[in-house]
Amino acid sequence: MRDYLLTLCVTAAVTYLLTGPVRKFAIATGAMPEIRARDVHREPTPRLGGIAMFFGLCAGLLVADHLQNLNSVFELSNEPRALLSGAALIWIIGVLDDKFEIDALIKLGGQMIAAGVMVMQGLTILWIPVPGVGTVSLTSWQGTLLTVALVVITINAVNFVDGLDGLAAGMVCIAAAAFFLYAYRIWFSYGIEAAAPASLFTAILMGMCLGFLPHNMHPARIFMGDSGSMLIGLVLAAAAISVTGQVDPDALKIFEGSTREATHAALPVFIPLLLPLTIIAIPVADLVLAIVRRTWNGQSPFAADRGHLHHRLLEIGHSHSRAVLIMYFWSALIAFGVVAYSVHSASMWIVMLVVALSAVGLVLLLLPRFTPRAPRWAEAFVPPRYRRRAVQPHLTQSSSTHGAQGEPAVAGTAESEAAEEPQERTPIPAGVNGATAIGARSRLPDRRKAGTRG
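Here goes a summary of the coordinates provided.

Reading the values: the criteria
- Residues numbered from 1 in each chain as written.
- Predicted model: local features only at pLDDT ≥ 70, side-chain atom pairs only at ≥ 80, totals over all residues.
- Heavy atoms only, no water.
- Helix = DSSP H or I, 4+ residues; strand = E, 2+ residues; numbered from the N terminus.
- Buried < 20%, exposed > 50% of the residue type's maximum accessible area, 1.4 Å probe, protein only.
- Contact = heavy atoms within 4.5 Å.
- Areas by Shrake-Rupley, 256 points an atom, 1.4 Å probe, with all protein chains shown as cover.
- Axes fitted to C-alpha atoms, helices over the stretch in contact; angles between N-to-C directions.
- Parallel < 35°, antiparallel > 145°, perpendicular 65-115°, else oblique.
- Nonpolar A, V, L, I, M, F, W, Y, C, P; charged D, E, K, R; others polar.
- Salt bridge = Lys/Arg side-chain N within 4 Å of Asp/Glu carboxyl O.
- Core = buried A, V, L, I, M, F, W, Y, C linked by side-chain atoms within 4.5 Å.
- Phe/Tyr/Trp six-rings, centres within 6.5 Å; stacked < 30°, edge-to-face > 60°.

1. Concerning the overall build of the chain
- Broken down by element type, the chain carries 16 helices and two strands.
- Within the span of the chain, comprising 454 residues, buried residues form 46% of the whole.
- The long-range fraction of contacts in the chain, counting pairs at least 24 apart against all pairs at least 6 apart in sequence, stands at 73%.
- Only carbon and sulfur atoms are counted for the fraction: they give 65% of the accessible area of the chain, which is about 23000 Å².

Put into structure tokens, the structure is as follows:
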């Protein structure tokens, strides 16, 4: 555990220290696109944060290779090299997309090629445990197709959820933490060395996300872009493939005793079939809903829109930070709930706790719909959002003044409407160094919804 913690800290430190120079590089190279209609931010923000995350990945693998307790992962398995090869390829594709906006089909092909590169080097699903059947060995083609499908789904699920400041990095960090506990338990409790690569991958992934989050929290100074979102999605998929298709279920010695005991004991083996999807259940649900919504509207499944889950949270009335925290809550509840159930499947307290926390999450989710209004005598003691809207006194005074001077009421009404209409305030343009590159942020942010005029 000490070596894993050291690897995590080195990865986080390298990612954090490199993000600042990468930000300046992104601004200098013009990797700071215009604000699109689906974007939530209001100022041009540089991308290419995945560059720092990729070098953090390289640093973590390099440090682990020189640690005595983790060096065996590189000696007994080719999976770390396979991960690095696939990550380098998907990272290059992401960098090109952040700078030149390449076609979605080209990115999809690159994702499949990156998954194929990992398969060619041994990072593939060899067998799957099936409840009631046992371990089923897969042919080379079956394992390849299943591995490529899992990689592509995970990459696009993480990419789709990357819509708010700190959302994708935080959710993947939570998923990686849950996955690390699961993989480390298999490696430490059962003594299975095949689970060590998955533990290493998730520890490095946590370091990549934790090192990037301080720069990406709201208001974000840099975005990870597709170079970062596709990279962390691939690392998460690689950990899932390693622990699901490489660990032999027979080595756990669970198919012993009565049928009921074997069924409960087999849960730690059956859970990996769903764990890669449950720990990213929110992004996968967002991905499926987006595909259905766009296809139903006659659009391409890759067309961008503002119908994602985080956009809907903002429309309900949640603030940017609260929407991110709600997504964090649900991701942690699903991920750690599944891991806890896989460890103590016979305990009903875990199920009851998950149900209770789900009820709390639903209340927090719908809280803006039930905003109470305080009575007038208590308005002085509550925050402004709970007060009733008062009539502006200057409008009444203006109308009475015009009426006393004998001026027509129409003129007073026109002046009142002019007073009600807010003055147009143009934010400071981005310029060469960007809106947040060196100086302070613009003091006149445009609060209108993206894609609206006037």
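2. Some thoughts on the environment of G207
- Mapped onto the elements, G207 comes out in helix α8 (residues 196–216).
- For G207, a relative accessible area of 0% translates into the label buried.
- Considered as a pair, G207 and V14 are 193 residues apart in the sequence and their alpha carbons are 9.1 Å apart.

3. Points about the packing of helix α13 (residues 320–343) against helix α14 (residues 348–365)
- Where α13 contacts α14, the axes come no closer than 11 Å and their chain directions differ by 170 degrees. When the interaxial angle is binned, α13 and α14 end up roughly antiparallel. In this structure, α13 contributes I326, F329, W330, L333, G337, A340 and Y341 to the contact, and α14 contributes I350, V351, V354, L357, S358, G361, L362, L364 and L365.
- When its residues are assigned to classes, the contact of α13 with α14 shows 13 nonpolar, three polar and no charged.

4. Concerning the pattern of salt bridges
- Per the counting criterion, the structure on display carries three salt bridges.
- The shortest N-O distance in the salt bridge between D97 and K107 comes to 3.6 Å. You can see D97 sitting in helix α4 (residues 79–100) and its partner K107 sitting in helix α5 (residues 104–120), a full 10 residues away along the chain. Pair check on accessibility: D97 and K107 agree, each one buried.
- A salt bridge links D226 to K107; its shortest N-O distance comes to 2.8 Å. Note that D226 is positioned in helix α9 (residues 225–245) and K107 in helix α5, a separation of 119 residues in sequence.
- Each of D97, K107 and D226 takes part in one network of salt bridges that share partners.

5. With respect to the nonpolar core
- Counting residues in each nonpolar core, the largest one holds 91 residues, and the members touching the most others are Y4, L57, L200, L205, L231, I232 and L234.
- Take this core: its biggest share by element is 17 residues, from helix α7 (residues 167–190).

6. Some thoughts on the packing of aromatic side chains
- All told, the structure shown has eight aromatic pairs when counted by the stated rule.
- Measuring from ring centre to ring centre gives 4.4 Å for F54 and W91, while their planes differ by 10 degrees; the resulting arrangement is stacked. Highlighted residues: F54 in helix α2 (residues 50–65) and W91 in helix α4, separated in sequence by 37 residues.
- For F54, a relative accessible area of 8% corresponds to the buried category.

7. With respect to the packing of α2 against α4
- Following both chains from N to C, one finds α2 and α4 inclined at 170 degrees, their axes separated by 10 Å at the closest point. When the axes of α2 and α4 are compared, the pair comes out roughly antiparallel. Side by side, α2 and α4 meet where G50, I51, F54, L57, C58 and L61 of the first sit next to P80, L83, L84, A87, A88, W91 and V95 of the second.
- For the contact of α2 with α4, the class distribution of residues is 12 nonpolar, one polar and no charged.

8. Observations regarding the environment of G49
- If you trace the backbone, G49 turns up in the loop between α1 (2–28) and α2.
- Overall, G49 belongs to the buried group, its relative accessible area being 0%.
- Sequence-wise, G49 and L18 are 31 residues apart; in three dimensions their C-alpha atoms are separated by 9.1 Å.

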